[in-house]
Amino acid sequence: METTKHAQQPHSHPQPQLSLAKSSRQRCSEWIFRDVPSDITIEVGGGTFALHKFPLVSRSGRIRKLVAEHRDSDISRIELLNLPGGAESFELAAKFCYGINFEITSANVAQLCCLSDYLEMTEEFSKDNLGSRAEEYLDCIVCKNLEMCVEVLQQCENLLPLADELKIVSRCIDAIASKACAEQIASSFSRLEYSSSGRLHMNRHTKCEGDWWIEDLSVLRIDLYQRVMTAMKCRGVRPESIGACLMNYAQKELTKKSSLWNPSSQSKVEVIPAPSGHESHVVETIVSLLPVEKLAVPINFLFGLLRSAVMLDCTVACRLDLERRIASQLDIAALDDLLIPSFRHAGDTLFDVDTVHRILVNFAQQDDSEDDVDDASVFESDSPHSPSQTALFKVAKLVDNYLAEIAPDANLKLSKFMVIAEALPAHAHTVHDGLYRAIDIYLKAHQNLSDLDKKKLCKLIDFQKLSQEAGAHAAQNERLPLQSIVQVLYFEQLRLRNSLCCSYADDDHKPVHHQSWRISSGALSAAMSPRDNYASLRRENRELKLELARLRMRLNDLEKEHVCMKRDMVRSHSRKFMSSFSRKIGKLSFFGHSSSRGSSSPSKHSYRTDSKVIERTCASTD
């Protein structure tokens, strides 16, 4: 790196240039012929060398041509422009021409290869010249050692594109990839052992020590690092090793944005100034290098990259790629992962809801695509204990917690809140307690919502999927619209009636009707496969059409009673109203027709009729 500094100093600091020239002359006086006066002066990057023509022209074809072109004028000064490595590299070449010994190392071999090409120090002009010496060291010494290859690549960063044309970079990259792959194969063999049955297998619990090179590669510049990673992937290096290497590099390059990788440590979201283009290029490159295999990198690392991509305004393709990768393993994500700060506008929402919505859409579409296969595999994959269904339940719970976390945001619009709540299919929620809690928090934080908006929001809740505790809370929740409270009370009474019927059935040793159990719990219906649910709904729809005439006859009486109840609600807000409200519900005789038939349990038709009545009642008030 000292060579680079000397090469750049003449352009910006004229005073150090004089000292550089002076030091060059002092160094030359130590090893050139003191008894023979110099006959040529070489100027290289601010350095001046008083030398002799004969040793130079005997080894360097370029200097020989320059001297031959000016033979008549007896040239005495030559300036070498853009010489690789600058004055210090030329000093090594001059020493070689004078027969002065020096050591070729991994720190200077790349410069010597480029320098010998520039000065044409090849076998054509002198046997065993500098070019062949440097090439031999590169092939026989450097390419057999991974650390030396990395050091040479670091030197090549300032020698491009010449180092690329001379294939110095490609040879080092191929050597690194081959060495890493060979070491992983060797470490895999060391993990082989015989089981008790005599079969050979790999011990997964033994720690693999073959990835020590991860730290070494993190010193490379991003363009060369990308080429190394690509070569390693082509050579078959394990995906988890590639992922670990990318994580190490990202954490070093993006250290100034370390708060993005640990969102829970942020006390508040601040507007961060526009970063440099280098950081966005690093993020985009790392994303392009991520292994396609799932779980090759932790999901919190993917979320960290996504936060960086949003903040650094990376390309749309980069962000969409990350969102798809995250969606494929969203079931193992945590709540803190989803809390992506909103960097775009200071007056907007605290968290980036749009990005989370796209991730959920990708997850839902992926779930659908996995279901769109032949019938046998559909029913098999959608069973309650299948991985896809389990993942769906986990994500549904995660979404409920996310909604509760973003609900207090005063700038969060109702449309954005609802689009998150509706992103997953209906069968993803077996219990609606979490969704009810999130909606209640939103209603409490947004008290200026209109009645129409409150109705839209509460339609997201399936009140028959509420637990007993949540149902009791909802029945006394004054923030809910009137028709929602009607539904809560109806299903609570229906739950109580079914529990009583179940106890009677146990005493009489009679089987409990399947439809009553499904209504009271709500869990079985939600846990059914989508296809079974759809078929069941179609059958119920046909039966409901036959009962439509009876519904219309009772509907007029119900609507009159509803108008009276609404008038009483406006007059009184006390808890006494809720008790009188319950008595009025009893007067509506929701279960009267079933008792008239002499049955102690609700019939199959009674539930469907009463359920549609409530839905029709709510729809009539919108």
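As the structure is a computational prediction, the values presented were derived from the model and not from experiment.

Engineer: I tried to follow the overall build of the chain on my own but got confused; where do I start?
Structural biologist: Per the secondary structure count, the chain includes 32 helices and five strands. The proportion of buried residues among the 622 residues of the chain is 47%. For the chain, contacts bridging at least 24 residues in sequence account for 72% of all contacts bridging at least 6. Put simply, the chain shows about 32,200 Å² of open surface, and 52% of that area lies on carbon and sulfur atoms.

Engineer: I'm lost on the packing of aromatic side chains in this one. Help?
Structural biologist: Any aromatic ring pair is given by two values, namely how distant the centres are and how the planes are angled relative to each other. Under the criterion given, the structure shown has four aromatic pairs. On the numbers, 4.0 Å between centres and 15° between planes, the contact of tyrosine 225 with tyrosine 249 is stacked. Here the residue tyrosine 225 occupies a position in helix α12 (residues 222-235), and tyrosine 249 occupies one in helix α13 (residues 239-253), the gap between them amounting to 24 residues. Considered together, tyrosine 225 and tyrosine 249 belong to a single accessibility category, that of buried residues. Above the face of the tyrosine 118 ring, arginine 62 is positioned so that its terminal group lies 4.1 Å from the ring centre.

Engineer: Is there a simple way to think about the packing of α13 against helix α14 (residues 277-289) in this case?
Structural biologist: The relative placement of two packed helices is expressed as an angle between their axes plus a distance between the axes. Put simply, α13 and α14 touch, their axes get as near as 11 Å, and they point 175° apart. Our classification of the angle between α13 and α14 gives roughly antiparallel. Residue-level contacts link Ile242, Leu246, Tyr249, Ala250 and Glu253 of α13 to His278, Val282, Ile286 and Leu289 of α14. Within the contact of α13 with α14, the residues separate by chemical class into seven nonpolar, one polar and one charged.

Engineer: It is not clear to me how the packing of helix α6 (residues 109-119) against helix α7 (residues 130-140) should be interpreted in this structure. Could you clarify?
Structural biologist: Close contact between α6 and α7 brings their axes to 9 Å; oriented N to C, the two are set at 145°. Crossing hand, α6 versus α7: left-handed. Contacts between α6 and α7 pair Val109, Leu112, Cys113 and Ser116 from the former with Leu130, Gly131, Ala134, Glu135, Tyr137 and Leu138 from the latter. Residues belonging to the contact of α6 with α7 are distributed by class as follows: seven nonpolar, two polar and one charged.

Engineer: Any chance you could explain the pattern of salt bridges here in plain terms?
Structural biologist: Oppositely charged side chains are able to pair whenever their charged atoms sit close together. On inspection of all chains with the given rule, the structure shows 14 salt bridges. Residues arginine 133 and aspartate 128 are paired through a salt bridge, measuring 3.1 Å at the closest nitrogen-oxygen approach. A relative accessible area of 36% places arginine 133 in the partly exposed class. Residue classification places aspartate 128 among the partly exposed positions, given a relative accessible area of 36%. Among the salt bridges present, the one from glutamate 215 reaches lysine 252, with a minimum N-O distance of 2.5 Å. Placement of the pair is glutamate 215 in helix α11 (residues 213-217) and lysine 252 in helix α13, with a sequence separation of 37 residues. Its relative accessible area of 40% is what places lysine 252 among the partly exposed residues. One network of salt bridges, in which partners are shared, links Glu135, Asp139 and Arg171.

Engineer: Help me understand the sheet that holds strand β2 (residues 47-51), please; the structure alone is not making it clear to me.
Structural biologist: The pairing of strands in a sheet happens through backbone hydrogen bonds and is either parallel or antiparallel. Taken in spatial order, the three strands line up as β2-β1-β3 in an open sheet, and their pairing is mixed. This sheet does not close on itself; its edge strands, each paired only once, are β2 and β3 (77-80). On average, each strand axis in the sheet is inclined to that of its neighbour by 20°, with strand direction left out of account. Across five bridges, strand β1 (residues 40-44) lies against β2 in antiparallel orientation. Within the sheet, the bridge partner assigned to valine 44 lies in β2 and is glycine 47. Helix α5 (residues 86-97) contacts β1, β2 and β3 of the sheet and is inclined by roughly 15° relative to β2.

Engineer: Would you explain the confidence of the model for the chain in this entry?
Structural biologist: Atom-level detail of predicted coordinates should not be read off regions where pLDDT is low. When pLDDT is averaged across the chain, the result is 75; 64% of the residues are at 70 or more. Counting contacts from residues 257-274, a segment whose pLDDT is below 50, to residues more than four positions away or on other chains yields 27 contacts. Contacts of residues 509-527 to residues separated by more than four positions or lying in other chains number 37 contacts, the stretch itself having pLDDT below 50.

Engineer: Help me understand the nonpolar core, please; the structure alone is not making it clear to me.
Structural biologist: Across soluble globular proteins, nonpolar side chains have a tendency to be buried as a group. Counting residues in each nonpolar core, the largest one holds 151 residues, and the members touching the most others are Ile42, Phe90, Leu217, Met229, Met232 and Leu330. The dominant element in this core, judged by the number of residues it contributes, is helix α20 (residues 387-406), at ten residues. Ignoring any residue separated from it by four or fewer positions in sequence, one finds leucine 330 in contact with Ile299, Phe303, Leu338, Ile359, Leu360, Phe363, Val395 and Leu398.

Engineer: How should the pairing of β1 be read in this particular structure?
Structural biologist: With four of five residues buried, β1 is to be regarded as a mostly interior element. Hairpin remark: β1 followed by β2, antiparallel, with two residues in the connecting loop; positive phi at glycine 45, about 50°. In this structure, β1 lies alongside β3, joined through four bridges in parallel fashion. Its bridge partner lying in β3, isoleucine 42 is registered against isoleucine 78.

Engineer: Explanation requested: the environment of lysine 454 in the structure shown.
Structural biologist: Within the fold, lysine 454 resides in helix α23 (residues 451-458). Along the backbone, lysine 454 and leucine 414 are 40 residues apart, and their C-alpha atoms lie at a distance of 9.5 Å. Look past the residues within four positions of lysine 454 in its chain and what remains in contact with it is Leu443, Leu449, Arg479 and Pro481.

Engineer: Honestly, the state of the cysteines in this entry has me stumped. Any pointers?
Structural biologist: Cysteine pairs can be covalently joined through their sulfur atoms, and such a bond is termed a disulfide. For the structure on display, the rule yields zero disulfides. No disulfide involves cysteine 113; its sulfur sits 6.8 Å from that of cysteine 114, the nearest cysteine. Taking the relative accessible area as the measure of exposure, cysteine 113 reaches 3% and is therefore buried. For cysteine 143, which is in no disulfide, the shortest distance to another cysteine sulfur is to cysteine 149 and amounts to 4.9 Å.

Engineer: Got a minute to help me understand the side chain of glutamate 157 in this structure?
Structural biologist: Within the secondary structure, glutamate 157 is located in the loop between α8 (146-156) and α9 (162-165). Although glutamate 157 is buried, it forms no salt bridge, and the closest oppositely charged side chain is arginine 221 at an N-O distance of 4.9 Å. A polar contact of 2.8 Å, which involves the side chain of glutamate 157, links it to the backbone nitrogen of arginine 221. With sequence-adjacent residues up to four places away left out, glutamate 157 is seen in contact with Val219, Leu220, Arg221 and Leu224.

Engineer: Can you help me understand helix α15 (residues 299-311) in this one?
Structural biologist: Every α-helical turn comprises 3.6 residues, leaving residues that sit three or four positions apart pointing alike. Its 13 residues place the ends of α15 18 Å apart at the C-alpha level, agreeing with the 18 Å of an ideal helix rising 1.5 Å per residue. Counting buried positions over the 13 residues of α15 gives twelve, a clear majority of the element. Every buried residue belonging to α15 is among Ile299, Phe301, Leu302, Phe303, Gly304, Leu305, Leu306, Arg307, Ser308, Ala309, Val310 and Met311, and all of these are buried. Aspartate 313 occupies a position one or two residues after α15 and carries a positive phi of about 55°.

Thresholds, definitions, all that
Residues numbered from 1 in each chain as written. Predicted model: local features only at pLDDT ≥ 70, side-chain atom pairs only at ≥ 80, totals over all residues. Heavy atoms only, no water. Helix = DSSP H or I, 4+ residues; strand = E, 2+ residues; numbered from the N terminus. Buried < 20%, exposed > 50% of the residue type's maximum accessible area, 1.4 Å probe, protein only. Contact = heavy atoms within 4.5 Å. Areas by Shrake-Rupley, 256 points an atom, 1.4 Å probe, with all protein chains shown as cover. Phe/Tyr/Trp six-rings, centres within 6.5 Å; stacked < 30°, edge-to-face > 60°. Lys NZ or Arg CZ within 6 Å of the ring centre and 35° of its normal. Axes fitted to C-alpha atoms, helices over the stretch in contact; angles between N-to-C directions. Parallel < 35°, antiparallel > 145°, perpendicular 65-115°, else oblique. Nonpolar A, V, L, I, M, F, W, Y, C, P; charged D, E, K, R; others polar. Left-handed = near helix turned anticlockwise from the far one by under 90°. Salt bridge = Lys/Arg side-chain N within 4 Å of Asp/Glu carboxyl O. Pairing = 2+ DSSP bridges. pLDDT = per-residue confidence, 0-100. Core = buried A, V, L, I, M, F, W, Y, C linked by side-chain atoms within 4.5 Å. Disulfide = S-S within 2.5 Å. Lys, Arg positive; Asp, Glu negative; His and termini not counted. Polar contact = N/O pair within 3.5 Å; in protein donor to acceptor, adjacent residues only side chain to side chain. Expected span 1.5 Å × (residues − 1).

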